[in-house]
Amino acid sequence: MNNSYANTALIVIRYILGILFLISGIGKLISASEARYLVELLATEFYWLIEYADFIVTATSIFELILAGLLIGNKLLRWALTGTFALLAIFSSVLGYFYLQGMTIENCGCFGAFGFASGLEFTLIRNVILILLTITAFVLTFRQEPSSD
């Protein structure tokens, strides 16, 4: 792949991921009820989570906003992509757990107030695509000119 194409692809992926995390973080800070519901649902299996549901949702929202800033601002890119991968893997694991349990969830709460009513299957497919984009972006960072990462 031509280096200029690789750089353009990396920029596009950074903005896609960054904008999604920006919308998601702000949306959950505005209305966290559906995301909190998922934590509470998970707490039926892991009881200690119920005490920390609000903290988990708020911390996740803030982490998403930090990742959005790093991705859009092209700062500490490899760290941001690692955090992005980890967050998407955690989200997908939780949603995958619900899916394997045969639960039907109308909305994952992923985007809070800006939520799109999407079932588990759609959300898991979307997350797999985002994980693949994240891995692609991470690989493309090694094709870039030396940076300050």
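Described in the following lines is the structure provided in the data block. (Residues numbered from 1 in each chain as written. Predicted model: local features only at pLDDT ≥ 70, side-chain atom pairs only at ≥ 80, totals over all residues. Heavy atoms only, no water.)

## Describing the nonpolar core
By size, the foremost hydrophobic cluster in this structure holds 17 residues, and its most contacted members are Leu17, Phe21, Leu71 and Leu81. Of all the secondary-structure elements, those providing two or more residues to this core are helix 1 (3–30), helix 3 (53–73), helix 4 (77–100) and helix 5 (120–141). Leu71 has contacts with Arg14, Leu17, Gly18, Phe21, Leu77, Ala80, Leu81 and Thr84, leaving out every residue within four places of it along the chain. Counting 14 residues, the second largest nonpolar core, distinct from the first, contains Leu38, Ala43, Val57 and Leu124. (Core = buried A, V, L, I, M, F, W, Y, C linked by side-chain atoms within 4.5 Å. Buried < 20%, exposed > 50% of the residue type's maximum accessible area, 1.4 Å probe, protein only. Helix = DSSP H or I, 4+ residues; strand = E, 2+ residues; numbered from the N terminus. Contact = heavy atoms within 4.5 Å.)

## Let's talk about the packing of helix 2 (residues 33–43) against helix 3
Relative orientation and spacing of two packed helices are given, respectively, by the angle between their axes and the distance between those axes. Following both chains from N to C, one finds helix 2 and helix 3 inclined at 125°, their axes separated by 9 Å at the closest point. With respect to their mutual orientation, helix 2 and helix 3 come out oblique. Both helix 2 and helix 3 take part in a crossing whose hand is right-handed. Along its contact with helix 2, which presents Ala35, Arg36 and Val39, the element helix 3 presents Ala53, Asp54, Ile56 and Val57. (Axes fitted to C-alpha atoms, helices over the stretch in contact; angles between N-to-C directions. Parallel < 35°, antiparallel > 145°, perpendicular 65-115°, else oblique. Left-handed = near helix turned anticlockwise from the far one by under 90°.)

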